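Fold and geometry: a report
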Amino acid sequence: MTIGTLVLLNEQEIQKAQELLQKCKEEFTDAIAGGKPLTVEVKGIEYMNDDPAMMDVLYAKVTMKDGSNQYVSSAFSVFIFFPLRLQLTADRLMNRFVTSGLMLKEWDRVKLHATVMNTLFRKDPNADEQTNTTTGKFFKGRESFDGRNIMKQDR
């Protein structure tokens, strides 16, 4: 399951991440889970952009298997489904790693998912080079894929 992305460049950072994860387990993950494993079900697929013909990330949906799911009514009277204990654990882990400096905060909440395909390192050889405004380094754009047939098979 994907909680966040870490870039650990040396043994000290790896050790710091291991120690922090162990500390999180002792301080809150066991308490949230009631001392038992959080059993999840990975079922169904979704994608993280608007156009299924131009996918960058394909992921499997994650739900709690023990029925401890919570439904929340949105402003549009649509029910949003998320596993409460798992969401709480993932969010607290992310916040701890962000606070430690090992992870950059990208979102307010962790999107509970298991990545199936990610085109982050799949570069289009014909794409024009672009400049990353943060690092100033040049990079070639991602090469998206057409996932419409994958989505049809899942429906």
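Remember, it's a predicted structure, so these values are computed and weren't measured experimentally.

As for the overall build of the chain
- Helix and strand counts for the chain come out as three helices and seven strands.
- Start at the N end of the chain and walk to the C end: the helices and strands fall as α-β-β-β-β-α-β-β-β-α.
- A total of 155 residues make up the chain; the buried ones form 24% of that total.
- Sequence separation of at least 24 residues holds for 54% of the intrachain contacts in the chain that already meet a minimum separation of 6.
- By element, 53% of the accessible surface of the chain is carried by carbon and sulfur atoms, the whole surface being about 11000 Å².

A few points about the pattern of salt bridges
- Applying the stated criterion across every chain, the model contains five salt bridges.
- Ionic pairing is found between Arg96 and Glu27, a salt bridge with its closest N-O pair at 2.6 Å. In this pair, Arg96 is assigned in helix 2 (residues 84-100) and Glu27 in helix 1 (residues 11-33), connecting sequence segments 69 residues apart.
- Arg96 gets classed as partly exposed once you look at its relative accessible area, which sits at 27%.
- Residue classification places Glu27 among the partly exposed positions, given a relative accessible area of 43%.
- Of the charged contacts in the structure, one is a salt bridge between Arg109 and Asp91, with a shortest N-O distance of 4.0 Å. Of the two residues, Arg109 sits in the loop between helix 2 and strand 5 (113-118) while Asp91 sits in helix 2, which places them 18 residues apart along the sequence.
- On the accessibility criterion, Arg109 (44% relative accessible area) is partly exposed.
- You can call Asp91 buried: its relative accessible area is 11%.

What to know about the confidence of the model for the chain
- With 76% of its residues at a pLDDT of at least 70, the chain reaches an overall mean of 79.
- Across residues 70-82, confidence stays below pLDDT 50; counting only partners more than four residues off in sequence or on other chains, it has 19 contacts.

Focus: the packing of aromatic side chains
- Going through the model one piece at a time under the given rule, you end up with zero aromatic pairs.
- Positioned above the aromatic ring of Phe28, the side-chain terminus of Arg92 is 4.3 Å from the ring centre.

A closer look at helix 2
- Along its 17 residues, helix 2 runs 24 Å from first to last C-alpha, staying within 8% of the 24 Å computed at 1.5 Å per residue.
- Listing the buried residues of helix 2 in full gives Leu86, Gln87, Thr89, Ala90, Asp91, Leu93, Met94 and Phe97.
- Just downstream of helix 2 lies Gly101, where phi reads positive at about 90 degrees.

Digging into helix 1
- Where helix 1 bends most, at Lys25, the angle is about 50 degrees.
- Every buried residue of helix 1 is accounted for by Ala17, Leu20, Cys24, Phe28, Thr29, Ile32 and Ala33.
- Where helix 1 begins, the side chain of Asn10 points an oxygen toward the backbone nitrogen of Gln12, at a separation of 3.1 Å.
- Residue Gly34 follows helix 1 closely and has a positive phi angle near 70 degrees.

Scoring rules and cut-offs
Residues numbered from 1 in each chain as written. Predicted model: local features only at pLDDT ≥ 70, side-chain atom pairs only at ≥ 80, totals over all residues. Heavy atoms only, no water. Helix = DSSP H or I, 4+ residues; strand = E, 2+ residues; numbered from the N terminus. Buried < 20%, exposed > 50% of the residue type's maximum accessible area, 1.4 Å probe, protein only. Contact = heavy atoms within 4.5 Å. Areas by Shrake-Rupley, 256 points an atom, 1.4 Å probe, with all protein chains shown as cover. Salt bridge = Lys/Arg side-chain N within 4 Å of Asp/Glu carboxyl O. pLDDT = per-residue confidence, 0-100. Phe/Tyr/Trp six-rings, centres within 6.5 Å; stacked < 30°, edge-to-face > 60°. Lys NZ or Arg CZ within 6 Å of the ring centre and 35° of its normal. Expected span 1.5 Å × (residues − 1). Bend = angle between axes of the 7 residues up to and from the residue. Polar contact = N/O pair within 3.5 Å; in protein donor to acceptor, adjacent residues only side chain to side chain.

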